[in-house]
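Examining the three-dimensional arrangement
Take a look at the letters that make up each chain.
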Amino acid sequence: MHALLGLAADDVPGYRKACRRLLEESGPNPSPDTALWLAWACVLVPDAGVDPARLVQLAERAAVVAPKNRDALLVRGAALYRGGRWQEALGPLTATVAAPQGPRAPAQGVGRSSPEAFDDTGYDLLFLAMAHQRLGHAEEARRWLARGVRWMEQAPLPKTEQGGDNPLYGWNRRLAHEALRREAEALVQGTKR
């Protein structure tokens, strides 16, 4: 959350500093669950100020416990993408889109602790758009981006009885989705949002 606060404050240097500190404090062999969250915290912007190879290493460590777990697949794909290994990133990211999520996903000892966890497909779609664009698959990239944008438009639903946004779509998810959406749109469409 500390790293995300840097992004929320539009303090990318502060975000990078938080990522470096998190990695230093975690030591060389964090638990798989800690490795998952460390890698995830550091893949949300193009340059988190940490070695992309270390992010892939952490993602691989997280996947050891449950390689088909949706969160482990997403983080592995995102880390591979950030490491410039775009073709390799397609495999886990595509598998993530098809993997069970939310209430259907069984707890596997890594990732979200609640079986009612929020469906975070938007992350997958945006990373897929960027990976396809980097590989020169412009039409495929536009399709994934359009799906990601449509997903994000639905994310605040269902509304609460009081009319507020979906309580499972908290500020941290919204912030991460928005950062990735801006990056994907700039890359795929050549625009700034």
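Computed from a predicted model, the values in this text were never measured in an experiment.

Let's talk about helix H5 (residues 70–82)
Its 13 residues place the ends of H5 18 Å apart at the C-alpha level, agreeing with the 18 Å of an ideal helix rising 1.5 Å per residue. Across the 13 residues that make up H5, a large majority, 12, are buried. Those residues of H5 that fall on the buried side of the exposure criterion are Arg70, Asp71, Ala72, Leu73, Leu74, Val75, Gly77, Ala78, Ala79, Leu80, Tyr81 and Arg82. Its buried side turned inward, H5 meets helix H3 (32–41), helix H4 (52–65), helix H6 (86–98), helix H7 (121–134) and helix H9 (171–189). Two or three places before aspartate 71, at the opening of H5, asparagine 69 has a side-chain oxygen 2.8 Å from that residue's backbone nitrogen. A positive phi of about 80° marks glycine 84, the residue just after H5.

Considering the state of the cysteines
Across all of its chains, the model carries zero disulfides by this definition. The structure places no disulfide on cysteine 19, whose sulfur is separated from the nearest cysteine sulfur, that of cysteine 42, by 3.2 Å. Classification of cysteine 19 by relative accessible area gives buried; the value is 0%.

Concerning the nonpolar core
Of all hydrophobic cores here, the largest spans 53 residues; its most connected members are Trp40 and Phe127. If you tally residues by element for this core, the top one is H7, at eight residues.

A closer look at the packing of aromatic side chains
Summed over all chains, the structure comprises two aromatic pairs. Seen in terms of ring centroids, tryptophan 40 and tyrosine 123 are 4.8 Å apart; in terms of plane orientation they differ by 70°. Their pairing is edge-to-face. With tryptophan 40 in helix H3 and tyrosine 123 in helix H7, this pair connects stretches of sequence that are 83 residues apart. For tryptophan 40, a relative accessible area of 10% translates into the label buried. By relative accessible area, which is 4% here, tyrosine 123 ends up buried.

Considerations on the pattern of salt bridges
Tallied over the full model, the rule gives nine salt bridges. Note that arginine 21 and glutamate 25 form a salt bridge whose closest N and O atoms lie 3.1 Å from each other. With arginine 21 and glutamate 25 both in helix H2 (residues 12–26) and four residues apart, the pair spans about one turn of that helix. Between arginine 82 and glutamate 183 there is a salt bridge, with its nearest N and O atoms 2.6 Å apart. On the criterion of sequence distance, the pair formed by arginine 82 in helix H5 and glutamate 183 in helix H9 is long-range, its members being 101 residues apart. Here arginine 82 and glutamate 183 have matching classes, each one buried.

Things to note about the packing of H4 against H5
In the contact formed by H4 and H5, the axes pass within 8 Å of each other and the chain directions differ by 165°. In terms of orientation, H4 lies roughly antiparallel with respect to H5. Crossing of H4 against H5: the hand is left-handed. Contacts between H4 and H5 involve Pro52, Leu55, Val56, Ala59, Glu60, Ala62 and Ala63 on the former and, on the latter, Ala72, Val75, Arg76, Ala79, Leu80 and Arg82. Its residues placed into classes, the contact of H4 with H5 shows 10 nonpolar, no polar and three charged.

What counts, and where the lines are drawn
Counting restarts for each chain: residues are numbered from 1 in the order of the written sequence. Only residues with pLDDT of at least 70 get local features here, since the model is predicted, and only at 80 or more are side-chain atom pairs given and counted; chain-wide, interface and lining totals rely on the full set of residues. Just so you know, side-chain values use all the structure's heavy atoms and leave hydrogens and water out. Put simply, DSSP marks the helices as runs of H or I at least four residues long and the strands as runs of E at least two long, and each gets a number from the N terminus on. Multiply 1.5 Å by the residue count of a helix minus one, and that product is the helix's expected span. Burial classes follow relative accessibility: with a 1.4 Å probe on protein chains only, a residue under 20% of its type's maximum area counts as buried, one over 50% as exposed, and anything between as partly exposed. Contacts are assigned to residue pairs with any non-hydrogen atoms lying within 4.5 Å of each other. Here a polar contact means two N or O atoms within 3.5 Å. Within protein one must be a hydrogen donor candidate and the other an acceptor candidate, and residues neighboring in sequence count only if both atoms are side-chain atoms. When two cysteine sulfur atoms are found within 2.5 Å, that pair is recorded as a disulfide. Put simply, buried Ala, Val, Leu, Ile, Met, Phe, Trp, Tyr and Cys residues joined by side-chain atoms within 4.5 Å make one nonpolar core. Side-chain rings of Phe, Tyr and Trp (the six-membered ring for Trp) are treated as a pair once their centres are within 6.5 Å; stacked means planes under 30 degrees apart, edge-to-face means over 60, and tilted covers the remaining angles. We define a salt bridge as a side-chain nitrogen of Lys or Arg found within 4 Å of a carboxyl oxygen belonging to Asp or Glu. Only C-alpha atoms enter the line fits that serve as axes; for helices the fit covers just the stretch in contact. Angles between N-to-C directions range over 0 to 180 degrees. Working definition: roughly parallel below 35 degrees, roughly antiparallel above 145 degrees, roughly perpendicular at 65 to 115 degrees, and oblique for all remaining angles. In this scheme, a crossing is called left-handed if the near helix is turned counterclockwise away from the far one by less than a right angle; it is called right-handed if the turn is clockwise. In this classification, Asp, Glu, Lys and Arg are treated as charged, Ala, Val, Leu, Ile, Met, Phe, Trp, Tyr, Cys and Pro as nonpolar, and every other residue, Gly included, as polar.

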